[in-house]
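Fold and geometry: a report
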Amino acid sequence: MQELNRYEYSVLRYVPRVEREEFVNVGLAMMCKRRRWIKVRIFLSEEKIRSLYRNADIDILSRQLQSFVDIAAGDRKSGPVAEYPVEERFRWISAVKSSVIQTSRPHPGLCEDLEATFDCLFGELVL
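Residues numbered from 1 in each chain as written. Predicted model: local features only at pLDDT ≥ 70, side-chain atom pairs only at ≥ 80, totals over all residues. Heavy atoms only, no water.

1. Brief notes about the side chain of Asn5
Among the structural elements, Asn5 can be located in strand S1 (residues 5-14). A distance of 2.7 Å separates polar atoms of two side chains, one belonging to Asn5 and the other to Arg35. Polar contacts involving the side chain of Asn5 include one to the main-chain carbonyl oxygen of Glu112, which spans 3.1 Å. For Asn5, the residues in contact, after removing those within four places along its chain, are Cys32, Arg34, Arg35, Gly109, Leu110, Cys111, Glu112 and Leu114. (Helix = DSSP H or I, 4+ residues; strand = E, 2+ residues; numbered from the N terminus. Polar contact = N/O pair within 3.5 Å; in protein donor to acceptor, adjacent residues only side chain to side chain. Contact = heavy atoms within 4.5 Å.)

Structure follows, in structure tokens:
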């Protein structure tokens, strides 16, 4: 049996009208500090988004969410946060925000295969 990896994940949400507290899950962030591993993936369902807010600007939303992907990947063009250690990047991504892009509270887990677990969670929570 492989060694288990402790990870944390948080679901990224599009909240078009913060006061209504309705949202669409649009991505997943996951991090394993010990492995120095972090990943963010985005999936925008225009149909789901438009069901909550028909005037949503999908292009702007896509660009904003791409910044989370770039920060997780350590892309220096994303600013100084991209150079933080993986756990600090994850904390920045999953921090409480009162904006149209929010995240769930971080959730912990244990797994053998981080990529497979990420794919499974992404399928269950976002797709």
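2. Section: helix H4 (residues 114-125)
Its 12 residues give H4 an end-to-end C-alpha distance of 16 Å, which sits within 8% of 16 Å, the value for a rise of 1.5 Å per residue. Along H4, the residues that are buried comprise Leu114, Thr117, Phe118, Leu121 and Phe122. For H4, the angular spread of buried residues about the axis comes to 135°, placing them on one side. Sitting at the head of H4, Asp113 places a side-chain oxygen 3.1 Å from the backbone nitrogen of Glu115. (Expected span 1.5 Å × (residues − 1). Buried < 20%, exposed > 50% of the residue type's maximum accessible area, 1.4 Å probe, protein only. Arc of directions from axis to C-beta.)

3. Some points on the pairing of strand S2 (residues 24-32)
Moving residue by residue along a regular strand, the side chains alternate between the two faces of the sheet. Within S2, 8 of the 9 residues are buried, leaving the element largely enclosed by the surrounding structure. In the sheet, S1 pairs with S2 via 7 bridges, with the strands oriented antiparallel. Bridge pairing in S2 links Tyr14 to Val24. Bridge analysis of S2 against strand S3 (residues 37-42) gives 6 bridges, and the strand direction is antiparallel. For Leu28, the partnering residue across the bridge sits in S3 and is Arg41. What sits between the antiparallel neighbours S2 and S3 is a turn of 4 residues, in which Arg36 has the positive phi angle 55°. (Pairing = 2+ DSSP bridges.)

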